[in-house]
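So the chains spell out like this:
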Amino acid sequence: MKLLTYKTTTSEPRLGFLHNNQVVDMEDFGETVNFPLPSDMLELIDMGLEVIPEINEFLSEIDAEALAEVSYSMDEITILAPIPTPRKNIIGIGLNYTEHVAESARTLDTTGKLPQKPIIFSKPPTTVTGTNTNILLNRKLTQQLDWEVELAVVIGKKGKYVTKEDAMEYVFGYTVINDISARDCRREGQWIVSKGQDTFAPMGPYLVTADEVENPHNLNLSLKVNGVEKQNSNTKFLLFNINALIEDLSTVFTIESGDIIATGTPSGVGAGRSPQEWMWDGDVVEATVEGIGTIINTVKEI
């Protein structure tokens, strides 16, 4: 199921799902079929992935006219980030594609050695923004605004010391994140100023539930700036795959429902190019993950 957070011209943010190219309001749908459902993505995730087959069963039985009464056409709504305000910082994974390790060593303060364990950083909830919104460029802070397309994993239940073998049982679904980075804001090896500025985590457009992604380790991911392709790879080249990341992260700290893991970016970032390339006011960046969707954002100088 493709889930989304949306709003209309007259509503606050609402939870919905795609069906026949329309957006069905989740809470209103629940009322129609007499099965209480929330209006918030995090509340739905808290219900567990097992709620999705139940929703699909009700969907197969509902009268078309009744469904139409709780649905919107795509041009009636604005898509927001799937989780507009995460409960905690987004968990970022650095240097998780081999070729990106190499390009980072050429131009940034990294060694070029393959990490022996996942490199973990975080992005505050205020970094999150949706598709068709602006990425804010503060030139007092950075002259090196860069892009990073990533597959993001959304955790569905609490876990500690999760094994690789059991890791996928903790995944609720997947979305797309563009891990925007200000390369000249790294401070003595610390990344949060580089990664954590407002709007530096465009996310969406949908949260696709785990049951609809046959193999998250074989998804194409790509990125364009002003229509020109800059990144093109596949999640099969992850250095630490999703199972390994969940095992490692849950050893370090308890993972919880609604946690978001940005799994890393492949090569092709601006910092790794010769000459280096950066994003400037008016640039349009498109980040795509196969089967999940595309997020489109415009750089706006402030």
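See the structure above.
These remarks concern the structure in this document. (Residues numbered from 1 in each chain as written. Predicted model: local features only at pLDDT ≥ 70, side-chain atom pairs only at ≥ 80, totals over all residues. Heavy atoms only, no water.)

1. A look at the packing of aromatic side chains
Okay, step 1: According to the stated counting rule, one finds 4 aromatic pairs in the structure shown.
Okay, step 2: An angle of 85° between the planes, with centres 5.5 Å apart, marks the rings of Phe17 and Phe29 as edge-to-face. Here Phe29 lies in helix α1 (residues 26–33) and Phe17 lies in strand β2 (residues 14–19), a separation of 12 residues in the sequence. This pair shows no difference in class: Phe17 is buried, exactly as Phe29 is.
Okay, step 3: Just above the ring of Tyr170 sits the side chain of Lys157; from NZ or CZ to the centre is 4.7 Å.
Okay, step 4: Above the plane of the ring of Tyr161 lies Lys160, whose end atom (NZ or CZ) is 4.7 Å from the centre. (Phe/Tyr/Trp six-rings, centres within 6.5 Å; stacked < 30°, edge-to-face > 60°. Helix = DSSP H or I, 4+ residues; strand = E, 2+ residues; numbered from the N terminus. Buried < 20%, exposed > 50% of the residue type's maximum accessible area, 1.4 Å probe, protein only. Lys NZ or Arg CZ within 6 Å of the ring centre and 35° of its normal.)

2. Let's talk about the sheet that holds strand β9 (residues 133–137)
Hydrogen bonding along the main chain pairs the strands of a sheet, whether they run parallel or antiparallel.
Okay, step 1: A sheet is described by the order of its strands in space; here 5 strands give the open sequence β9-β19-β18-β15-β16, paired in mixed fashion. Since the sheet does not close on itself, it has two edges, and those belong to β9 and β16 (228–234), each with one partner. Strand after strand, the sheet turns through a mean of 20° between neighbouring axes, direction not considered.
Okay, step 2: As paired elements, β9 and strand β19 (residues 293–301) share 5 bridges and run parallel to each other. (Pairing = 2+ DSSP bridges. Axes fitted to C-alpha atoms, helices over the stretch in contact; angles between N-to-C directions.)

3. Notes on the environment of Asn34
Okay, step 1: Along the chain, Asn34 turns up in the loop between α1 and α2 (41–47).
Okay, step 2: Judged by its relative accessible area of 68%, Asn34 falls in the exposed class.
Okay, step 3: Placed 24 residues apart in sequence, Asn34 and Phe58 show a C-alpha to C-alpha distance of 9.5 Å.

4. Focus on unusual backbone geometry
Leaving glycine aside, a negative phi is the common case for residues, and trans is the common case for peptide bonds.
Okay, step 1: With an omega dihedral of -5°, the bond running from Gly204 to Pro205 counts as a cis peptide bond.
Okay, step 2: With respect to the element layout, Pro205 can be found in strand β14 (residues 201–209).
Okay, step 3: Going from Ser274 to Pro275, the amide bond is cis rather than trans, its omega being -5°.
Okay, step 4: For Pro275, the location among the structural elements is in the loop between β17 (260–262) and β18 (284–289).
Okay, step 5: Backbone geometry at Asn20 places phi at a positive 50°, although glycine is not the residue there.
Okay, step 6: Note on Asn20: relative accessible area 66%, which makes it exposed.
Okay, step 7: The phi dihedral of Asn132 is positive, around 60°, even though this residue is not glycine.
Okay, step 8: Structurally, Asn132 is set in the loop between β8 (128–129) and β9.

5. Topic: helix α7 (residues 242–252)
Okay, step 1: A large share of α7 lies buried, amounting to 8 of its 11 residues.
Okay, step 2: Along α7, the positions that sit buried rather than exposed are Ile242, Asn243, Ala244, Leu245, Ile246, Asp248, Leu249 and Ser250.
Okay, step 3: Residues of α7 that are buried sit in contact with β6 (90–94), β7 (119–123), β11 (149–155), β12 (171–178) and β17.
Okay, step 4: Capping the start of α7 is the job of one residue whose side-chain oxygen sits 3.1 Å from the backbone nitrogen of Asn243: Asn241. (Contact = heavy atoms within 4.5 Å. Polar contact = N/O pair within 3.5 Å; in protein donor to acceptor, adjacent residues only side chain to side chain.)

6. A look at the side chain of Lys230
Okay, step 1: Locating Lys230 in the fold gives a position in strand β16.
Okay, step 2: With relative accessibility at 16%, the residue Lys230 sits in the buried group.
Okay, step 3: In this structure the side chain of Lys230 is engaged in a polar contact, spanning 2.7 Å, whose partner is the side chain of Glu277.
Okay, step 4: Every residue in contact with Lys230, bar those within four places of it in the chain, is listed here: Trp147, Leu223, Lys224, Val225, Ser267, Gly268, Arg273 and Glu277.

7. Some words on the pattern of salt bridges
Okay, step 1: Applying the stated criterion across every chain yields a total of 13 salt bridges.
Okay, step 2: Salt-bridge contacts for Lys88 lead to Glu256; the nearest nitrogen and oxygen are separated by 3.0 Å. Of the two residues, Lys88 sits in the loop between β5 (78–79) and β6 while Glu256 sits in the loop between α7 and β17, which places them 168 residues apart along the sequence.
Okay, step 3: For Asp179, the salt bridge is made with Lys195, and the minimal N-O distance between the two is 2.9 Å. With Asp179 in the loop between β12 and β13 (181–182) and Lys195 in helix α6 (residues 192–195), the pair connects residues that are 16 residues apart, well separated along the chain.
Okay, step 4: Classification of Asp179 as buried rests on a relative accessible area of 1%.
Okay, step 5: Connected through shared salt-bridge partners, Lys123, Asp146, Glu148, Asp179, Arg183 and Lys195 make up one network. (Salt bridge = Lys/Arg side-chain N within 4 Å of Asp/Glu carboxyl O.)

8. A short note on the environment of Asp259
Okay, step 1: Its location among the elements puts Asp259 in the loop between α7 and β17.
Okay, step 2: On the accessibility criterion, Asp259 (7% relative accessible area) is buried.
Okay, step 3: A C-alpha to C-alpha distance of 7.8 Å links Asp259 and Gly156, two positions 103 residues apart in sequence.
Okay, step 4: Setting aside residues up to four positions removed in sequence, Asp259 forms contacts with Lys88, Val153, Val154, Ile155 and Thr254.
Okay, step 5: A polar contact of 3.2 Å, which involves the side chain of Asp259, links it to the side chain of Lys88.

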